[in-house]
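Residue strings, one per chain:
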Amino acid sequence: MNGNFLWGGASAANQCEGAYLKDGKGLSIMDVMTGGSKESKRKITNGIKSEYYYPNHDGNRFYDHYKEDIALMGEMGFKCYRMSIAWTRIFPNGDEESPNEAGLTFYENVFKELKKYNIEPIVTLSHYEMPLHLVKEYGSWRNRKVIDFFVTYAKTVMKRFKNYVQYWITFNEINAIEFMPYYPAGLVIQEGESRDQVIYQAAHHMLVASAKVVRYAHEINSENKVGCMALFGVNYSRTCHPDDVLKSELTNQDFLGIPDVQVFGYYSDYQLAQYKKKNVILAMNTEDEEILKSGKVDFCSFSYYMSMVQGEHREGESFAKGNMVAGLENPYLKKNQWGWQIDPVGLRITMNYLYQKYRIPLFIVENGLGAEDTLLEDGSVHDQYRVDYLEKHLSEMKKTVEEDGVPLIGYTVWGCIDLVSAGSGEMKKRYGLVYVDKDDCGKGTYKRYKKDSFYWYKEVITSNGKNLGRNEL
Ligand code: BG6
């Protein structure tokens, strides 16, 4: 890997910070989501109800532990840390005229701490945490006014942190709006609404907002780099039957229809044809096309957890579970404890696919294994399964860069310090290289423990990816 390669880890404010009302923070959409499990989905409640536990209220208490956590990242040799800013710490309701100074100070302190260890922050502006007030009062991204609220927030933090941050990501997994619209866009589809119309209109507003923010980032510092962030694992064809092949290829196109706009600066003909087919009529202002065109992103970041299989579904056949979306089961792959299929080679195929399409540098900003870990009495956690998973994915990543010539800015392991799962709300679905003593009900000391994977990753980074083998443990 080249000497500037950004090795690191990733998190999201709502899943790690906790302190959900501290120092003037407002409620975000994740603050009204209950815990869940493999079997039962998380609920969105109308306000906070005493009968439920809301795991994001505590996260892993990064808000209080950030110095210790960043020191651990420094010890592993992180070159970068992908984090997000909670919009509700800066503008608690989203529509205020001036920001909350305490929120800005918190992030300033985090950035100062990162600087001590020469860790480059990669900052997502909106990672599943928009202000609840904007959802209730304005209907969320359905409403064009939200563009201005987001742009004001983005400009505030970009200006304030100009000397600390050069890598920005506008929306986490923007295309997840098609599958789970609540997460990226705070949307709950109401009875009588056309799901497609609401989703794609909201996505359009997000795209315009994203482009405006990209423009601003470039204006204030020509060195700033802004990325889109796509949820994407390549879709395989179940068989070589042309119908299956067509289905898998069109599914790939469907997945990327929204990120395409961020990269190319316009809607693809394919995407517009889909809107026509779905009777979606986008309300656009005259200047929107120009805004999209002038706000193209500099890199394409993405999350990769699994590939998927598309084709004719046969009776009695089960579907594979997955991150937001499901596909057919792939008989050649093993699964994690949550049923997600594990496919390191799929990462190579995915990277090649994205690069051939976009021709801008890629950044793997999420990848990792959610697994149950056991903390032993001596404080150790033997997570060889996670080392195996990461080792195989990194090995494919290296081949993609070194043998296929795909430019890659960096790699960040998802949930590097155990945090709350977005999908299930569980704590026991752990991704970290560092264990956090907290259970699914919020009980625990919140103490941090280094897992075996911690020492392994440190060696990976020290050797700049040369030593992936487990004998270095
Ligand atoms: C991504 C999200 O979709 O997947 C993260 O950006 C999330 O926020 C990650 O945590 C893993 O999913 P889960 O449901 O296992 O937490």
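Heads up: the structure comes first, above all this text.
Model, not experiment: these values are computed from the prediction.

Student: So, the overall build of the chain: which residues are in play, and what are the values?
Tutor: When you go through the chain residue by residue, the secondary structure sums to 14 helices and 16 strands. In terms of overall dimensions, the chain has a C-alpha envelope of 60 × 60 × 50 Å along the principal axes. The burial tally for the chain puts 60% of its 473 residues in the buried class. The contacts in the chain between residues at least 6 apart in sequence include a share of 74% that link residues at least 24 apart. Carbon and sulfur atoms form 49% of the exposed surface of the chain, whose accessible area is close to 18600 Å². Side chains of the chain give 57 positive and 63 negative charges; the mean places of these two sets differ by 1 Å.

Student: Residue-level account of the pattern of salt bridges, with values.
Tutor: For the structure on display, the rule yields 25 salt bridges. Close ionic contact of Glu75 with Lys450 constitutes a salt bridge, the shortest N to O distance being 3.0 Å. Separated by 375 residues along the polypeptide, Glu75 in helix α2 (residues 62–76) and Lys450 in strand β16 (residues 448–450) bring together distant segments of the chain. By relative accessible area, Glu75 is classed as partly exposed at 34%. The residue Arg160 makes a salt bridge to Glu108 at a minimum N-O spacing of 3.0 Å. On the criterion of sequence distance, the pair formed by Arg160 in helix α6 (residues 145–160) and Glu108 in helix α4 (residues 101–116) is long-range, its members being 52 residues apart. Here Glu108 falls in the buried class, since its relative accessible area comes to 16%.

Student: I'd like a rundown of the site of the ligand, residues and numbers included.
Tutor: Among the 15 residues in the neighbourhood of the ligand, the closest are listed as Gln15, Glu173, Glu366, Lys429 and Tyr431. A distance of 2.7 Å separates an oxygen atom of the ligand from a polar side-chain atom of Glu366. With the chains in place, 98% of the 380 Å² that the ligand exposes on its own is no longer accessible. Class assignment of the residues belonging to the shell around the ligand gives a composition of 6 nonpolar, 6 polar and 3 charged.

Student: A description of the packing of α4 against α6 should follow, citing residues and the corresponding values.
Tutor: For the pair α4 and α6, the least separation of the axes is 11 Å and the interaxial angle reads 45°. Between α4 and α6, the angle is such that the two are oblique. Of the two elements, α4 crosses α6, and the hand of that crossing is right-handed. Contacts between α4 and α6 involve Glu101, Leu104, Thr105 and Glu108 from the former and Thr156, Val157 and Arg160 from the latter. Looking at side-chain class alone, the contact of α4 with α6 contains 2 nonpolar, 2 polar and 3 charged residues.

Student: Please set out the nonpolar core residue by residue, giving values where relevant.
Tutor: Ile85, Trp87, Tyr107, Trp141, Met397 and Tyr457 are the most contacted members of the largest nonpolar core, which has 141 residues in total. Top contributing element to this core by residue count: helix α8 (residues 195–220), with 14 residues. Counting residues in hydrophobic clusters, the runner-up holds 10 residues, among them Ile122, Tyr167, Ile169 and Ile409.

Student: Tell me about the side chain of Asn224, and please be specific about residues and values.
Tutor: By the element assignment, Asn224 lies in the loop between α8 and β5 (225–231). On the basis of relative accessibility, which here comes to 3%, the residue Asn224 falls in the buried class. Polar side-chain contacts of Asn224 include one of 3.0 Å to the backbone oxygen of Ala217. Setting aside its immediate chain neighbours within four residues, Asn224 contacts Val165, Gln166, Trp168, Ala217, His218 and Asp298.

Student: Lay out the sheet that holds strand β14 (residues 408–414) with the relevant residues and their values.
Tutor: One closed barrel holds the 8 strands; their spatial order is β1-β2-β3-β4-β5-β7-β13-β14, and the pairing between them is parallel. With strand direction ignored, the average angle separating the axes of adjacent strands in the sheet is 25°. Of the pairings in the sheet, the one linking strand β2 (residues 80–84) to strand β3 (residues 120–126) comprises 5 bridges and is parallel in character. If you follow Cys80 over to β3, its bridge partner there is Glu120. Against the sheet, helix α9 (residues 242–264) makes contact with β4 (167–171) and β5, and its axis sits at roughly 170° relative to β5, the strand it touches most. The strands that helix α14 (residues 452–462) touches are β1 (6–10) and β14; relative to β1, the one it contacts most, it runs at about 155°.

Student: Could you give me a rundown of the side chain of Asp288, with the residues and numbers involved?
Tutor: With respect to the element layout, Asp288 can be found in helix α11 (residues 288–294). A relative accessible area of 0% means that Asp288 is categorised as buried. The residues touching Asp288, leaving out its near neighbours within four places in the chain, are Arg144, His204 and Val208.

Student: Mind laying out the packing of α2 against α4, listing which residues take part and the relevant values?
Tutor: Viewed as axis vectors pointing N to C, α2 and α4 meet at an angle of 10°, and their least axial separation amounts to 9 Å. On the basis of their axis angle, the class for α2 and α4 is roughly parallel. Contacts between α2 and α4 involve Phe62, Tyr63, Tyr66, Lys67 and Ile70 on the former and, on the latter, Phe106, Asn109, Val110, Glu113 and Leu114. For the contact of α2 with α4, the per-class residue count stands at 7 nonpolar, 1 polar and 2 charged.

Student: Mind laying out the packing of aromatic side chains, listing which residues take part and the relevant values?
Tutor: Taken as a whole, this structure holds 34 aromatic pairs when the rule is applied. Relative to Phe363, the ring of Tyr167 has its centre 6.5 Å away and its plane inclined at 90°; by these criteria the two rings are edge-to-face. Taken together, the residues Tyr167 in strand β4 and Phe363 in strand β13 (residues 362–366) connect sequence positions 196 residues apart. On the basis of relative accessible area, Phe363 is assigned to the buried category, the value being 0%. With a centroid separation of 5.9 Å and 50° between ring planes, the pair formed by Phe299 and Phe363 is classed as tilted. Within this pair, whereas Phe299 is found in strand β7 (residues 299–303), its partner Phe363 is found in strand β13, the two being separated by 64 residues in sequence. Feature note: the residues Phe62, Tyr63, Tyr66, Tyr81, Phe106 and Tyr107 constitute an aromatic cluster, connected by ring pairs. In this arrangement the basic side chain of Lys38 is found over the ring face of Trp338, its NZ or CZ atom lying 4.4 Å from the centre.

Parameters and conventions
- Residue numbers here run from 1 along each chain, matching the order of that chain's written sequence.
- The predicted origin of the model limits local features to residues at a pLDDT of at least 70 and limits the giving and counting of side-chain atom pairs to 80 or more, whereas totals for whole chains, interfaces and linings rest on all residues.
- With hydrogens and water excluded, all non-hydrogen atoms of the structure serve as input to the side-chain values.
- A helix here means a DSSP run of H or I that spans at least four residues, while a strand means a run of E at least two residues long, and both kinds are numbered starting from the N terminus.
- Note on exposure labels: buried denotes an accessible area under 20% of the residue type's maximum, exposed denotes more than 50%, and partly exposed covers the range between, all computed with a 1.4 Å probe on protein chains only.
- Any two residues whose heavy atoms approach within 4.5 Å at even a single point are treated as in contact.
- Residue burial considers only the protein chains on display, and all accessible areas are found by Shrake-Rupley using a 1.4 Å probe.
- The charge count includes Lys and Arg as positive and Asp and Glu as negative, but it does not include His or the ends of the chains.
- Note that the charge is assigned to NZ on lysines, CZ on arginines, CG on aspartates and CD on glutamates.
- We count a salt bridge whenever a side-chain nitrogen from Lys or Arg sits within 4 Å of a carboxyl oxygen from Asp or Glu.
- We define proximity as follows: a residue is near a molecule or strand when any one of its heavy atoms falls within 4 Å of that partner.
- Identification of polar contacts relies on pairs of N or O atoms within 3.5 Å, with a donor-acceptor requirement for protein atoms, meaning one able to donate a hydrogen and the other able to accept it, and with residues adjacent in sequence counted only if both atoms are side-chain atoms.
- Charged residues are taken to be Asp, Glu, Lys and Arg, nonpolar residues to be Ala, Val, Leu, Ile, Met, Phe, Trp, Tyr, Cys and Pro, and polar residues to be all remaining types, Gly included.
- Whenever a helix is involved, its axis is fitted only over the stretch in contact; in every case the axis is a line through C-alpha atoms, and angles between N-to-C directions fall within 0 to 180 degrees.
- Convention used here: angles under 35 degrees read as roughly parallel, angles over 145 as roughly antiparallel, angles from 65 to 115 as roughly perpendicular, and any remaining angle as oblique.
- Each helix crossing is assigned a hand: it is left-handed if the near helix lies turned anticlockwise from the far helix by less than a right angle, otherwise right-handed if that turn is clockwise.
- Put simply, buried Ala, Val, Leu, Ile, Met, Phe, Trp, Tyr and Cys residues joined by side-chain atoms within 4.5 Å make one nonpolar core.
- Two strands are said to pair when DSSP picks up at least two bridges between them.
- Stacked, edge-to-face and tilted labels apply to pairs of Phe, Tyr and Trp rings (six-membered ring for Trp) whose centres lie within 6.5 Å, assigned for plane angles under 30 degrees, over 60, and everything in between, in that order.
- For a Lys NZ or an Arg CZ to count as sitting over a ring, it must be within 6 Å of the ring centre and within 35 degrees of the ring normal.

From the geometry alone we can't say anything about function, so treat these as descriptive.
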